Amino acid sequence: MNEDRITRRGLLKGALAGLAAVPAASLLAREAHAAEALSEEDAAAKSLGYVTDARRVDPKTNPSYKAGQTCANCFQYTGAPGSAEGPCRIFPNKTVKAAGWCKVWVPQQS
Ligand code: SF4
């Protein structure tokens, strides 16, 4: 009987510890998804000519731009295929639009 009580106590402690861990885990998960969208007004974004829609790239000021280049087909883009936005290695902790573009666009490796 005494062993039963210890086991129940152990179970209760385990359950309480599990309940306490749930909010912490959910906070961490939320932070992982909390990357901010990169603004065109961000100083680093401005310096690299980032636009959220590559159709707005001015070819006069960005002669390296070629039609069809977007973040989605840039080597630096690490978003899931088909996603509307995702992370970029050049702008840590930010997300860029898949349809976007900047001056350091490089083709994806095949
Ligand atoms: S480096 Fe590539 S993915 Fe990142 S903003 Fe520039 S074009 Fe988009």
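Residues numbered from 1 in each chain as written. Predicted model: local features only at pLDDT ≥ 70, side-chain atom pairs only at ≥ 80, totals over all residues. Heavy atoms only, no water.

## A closer look at the sheet that holds strand β1 (residues 36-37)
Hydrogen bonds along the backbone pair up the strands of a sheet, which may run parallel or antiparallel. One open sheet holds the 3 strands; their spatial order is β1-β3-β2, and the pairing between them is mixed. Edge positions in the sheet fall to β1 and β2 (85-88), since each has one partner strand and no second. (Pairing = 2+ DSSP bridges. Helix = DSSP H or I, 4+ residues; strand = E, 2+ residues; numbered from the N terminus.)

## Remarks on the pattern of salt bridges
Per the counting criterion, the structure on display carries 5 salt bridges. Residue Arg56 pairs with Glu40 through a salt bridge whose shortest N-O separation is 2.4 Å. With a gap of 16 residues between them, Arg56 in the loop between α2 (43-47) and β2 and Glu40 in the loop between β1 and α2 connect regions that are remote in the sequence. Judged by its relative accessible area of 46%, Arg56 falls in the partly exposed class. (Salt bridge = Lys/Arg side-chain N within 4 Å of Asp/Glu carboxyl O. Buried < 20%, exposed > 50% of the residue type's maximum accessible area, 1.4 Å probe, protein only.)

## Observations regarding the confidence of the model for the protein chain
In this model, the protein chain carries a mean pLDDT of 82, and residues with pLDDT of at least 70 account for 68%. Low pLDDT (under 50) marks residues 22-32, which in the prediction has 0 contacts with non-local residues, meaning those over four places away or in another chain. (pLDDT = per-residue confidence, 0-100. Contact = heavy atoms within 4.5 Å.)

## Remarks on the nonpolar core
Counting residues in each nonpolar core, the largest one holds 10 residues, listed as Leu38, Ala45, Tyr50, Cys71, Tyr77, Cys88, Phe91, Val96, Ala98 and Cys102. Look past the residues within four positions of Ala45 in its chain and what remains in contact with it is Leu38, Ser39, Glu40, Tyr50 and Phe91. In this structure, Ala54, Val57, Tyr65 and Trp101 belong to the second largest nonpolar core, which totals 5 residues. (Core = buried A, V, L, I, M, F, W, Y, C linked by side-chain atoms within 4.5 Å.)

## Focus: the side chain of Asp53
Within the secondary structure, Asp53 is located in the loop between α2 and β2. A polar contact is formed between the side chain of Asp53 and the side chain of Arg55, at a distance of 2.8 Å. With sequence-adjacent residues up to four places away left out, Asp53 is seen in contact with Ala99 and Gly100. (Polar contact = N/O pair within 3.5 Å; in protein donor to acceptor, adjacent residues only side chain to side chain.)

## Here's the deal with the site of the ligand
Neighbouring residues of the ligand: 13 residues in total, closest Cys71, Cys74, Cys88, Cys102 and Val104. Residue classes in the shell around the ligand are distributed as 12 nonpolar, 1 polar and no charged. (Near = heavy atom within 4 Å. Nonpolar A, V, L, I, M, F, W, Y, C, P; charged D, E, K, R; others polar.)

## Topic: the packing of aromatic side chains
Taken as a whole, this structure holds 2 aromatic pairs when the rule is applied. Between Tyr65 and Trp101, the aromatic rings sit 5.2 Å apart at their centres with planes inclined by 85 degrees, giving edge-to-face as the arrangement. Residue Tyr65 is located in the loop between α2 and β2, and its partner Trp101 is located in the segment after β3 (91-97); the two are separated by 36 residues in the primary sequence. Trp101 matches Tyr65 in its accessibility class, with the two residues each being buried. Positioned above the aromatic ring of Phe75, the side-chain terminus of Arg89 is 4.7 Å from the ring centre. (Phe/Tyr/Trp six-rings, centres within 6.5 Å; stacked < 30°, edge-to-face > 60°. Lys NZ or Arg CZ within 6 Å of the ring centre and 35° of its normal.)

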